[in-house]
Amino acid sequence: QVQLVESGGGLVQPGGSLRLSCEARGSIFSINVMGWYRQAPGKQRELVARITRGGTTNYADSVKGRFTISRDNAKMTVYLQMNSLKPEDTAVYYCNADIRGWTTLGYDDYWGQGTQVTASS
């Protein structure tokens, strides 16, 4: 059984910062790409940022220069540091990872439960 456990969401004033964490737990052999997506009310889920096992990153244009994704492979954890938050960043943020278990031959796509981020005064 594999699961992604997220933490760190909350309410912050515009211009503030939050740090999200997502830990992969379970019988895990290897983790490939890890990332963060978000979904605002009435909108489709969109990619925020993702990072490969080797540390290559890519970001949505809307968050470049404000958000930073990082990972700790030993802890099987991915982070999202969010600075200069704007009201339009308000959404449920989901962790995503490509994970191979000890009993599987390939990688499967896993999602976290989601954590609410609200930037509002």
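The structure under discussion appears in the preceding block.
Residues numbered from 1 in each chain as written. Predicted model: local features only at pLDDT ≥ 70, side-chain atom pairs only at ≥ 80, totals over all residues. Heavy atoms only, no water.

We note that Met76 has phi near 50°; this positive angle belongs to a residue other than glycine. By secondary structure assignment, the location of Met76 is in the loop between strand E7 (67-72) and strand E8 (77-82). Residue Met76 is classed as partly exposed on the basis of its relative accessible area, which comes to 26%. (Helix = DSSP H or I, 4+ residues; strand = E, 2+ residues; numbered from the N terminus. Buried < 20%, exposed > 50% of the residue type's maximum accessible area, 1.4 Å probe, protein only.)

Quick look at the nonpolar core now. Within the largest apolar cluster, 29 residues are counted, with the highest numbers of intra-cluster contacts made by Trp36, Leu80, Met82 and Tyr93. At the level of secondary structure, the elements contributing two or more residues to this core comprise strand E1 (2-7), strand E3 (18-26), strand E4 (28-39), strand E5 (46-51), E7, E8, strand E9 (91-101) and strand E11 (115-119). Looking at which element gives the most residues to this core, the answer is E9, with 5 residues. In this view, Met82 contacts Gly16, Ser17, Leu18, Leu20, Arg66, Phe67, Tyr93 and Val117; residues no more than four positions away in its chain are not counted. (Core = buried A, V, L, I, M, F, W, Y, C linked by side-chain atoms within 4.5 Å. Contact = heavy atoms within 4.5 Å.)

Right, let's talk about the pairing of E11 for a bit. Burial of E11 is one-sided: the residues Thr115, Val117 and Ala119 facing one way are buried, the residues Gln116 and Thr118 facing the other way are not. Where strand E2 (residues 10-12) and E11 come together, 3 bridges link them in parallel fashion. The partner of Gly10 across the bridge, within E11, is Val117. Pairing of E9 with E11, which is carried by 3 bridges, proceeds in the antiparallel orientation. Its bridge partner lying in E11, Tyr93 is registered against Thr115. (Pairing = 2+ DSSP bridges.)

Counting across every chain of the model gives 1 disulfide. The side chain of Cys22 participates in a disulfide bridge whose partner is Cys95; the two sulfur atoms lie 2.1 Å from each other. Every disulfide takes its handedness from the sign of the S-S torsion; for Cys22 and Cys95 that torsion is -80°, giving left-handed. Here Cys95 lies in strand E9 and Cys22 lies in strand E3, a separation of 73 residues in the sequence. The burial state of Cys22 is the same as that of Cys95; both residues are buried. (Disulfide = S-S within 2.5 Å.)

Here 4 strands make up an open sheet; going across it, the order is E1-E3-E8-E7 and the pairing antiparallel. Only two strands of the sheet have a single neighbouring strand rather than two, namely E1 and E7. Strand-to-strand twist of the sheet, defined as the mean angle between neighbouring strand axes without regard to direction, takes the value 15°. (Axes fitted to C-alpha atoms, helices over the stretch in contact; angles between N-to-C directions.)

It is worth spelling out the pattern of salt bridges at this point. Under the counting rule described, the total for this entry stands at 5 salt bridges. Between Asp89 and Arg38 there is a salt bridge whose closest N-O contact spans 3.0 Å. Residue Asp89 is located in the loop between E8 and E9, and its partner Arg38 is located in strand E4; the two are separated by 51 residues in the primary sequence. For the pair Asp89 and Arg38, one class covers both residues: buried. The partner of Arg66 in a salt bridge is Asp89, with the nearest N and O atoms 2.8 Å apart. Here Arg66, found in the loop between strand E6 (57-59) and E7, pairs with Asp89, found in the loop between E8 and E9; they are 23 residues apart in sequence, far enough to count as distant. The class of Asp89 is buried, set by a relative accessible area of 1%. Each of Arg38, Glu46, Arg66 and Asp89 takes part in one network of salt bridges that share partners. (Salt bridge = Lys/Arg side-chain N within 4 Å of Asp/Glu carboxyl O.)

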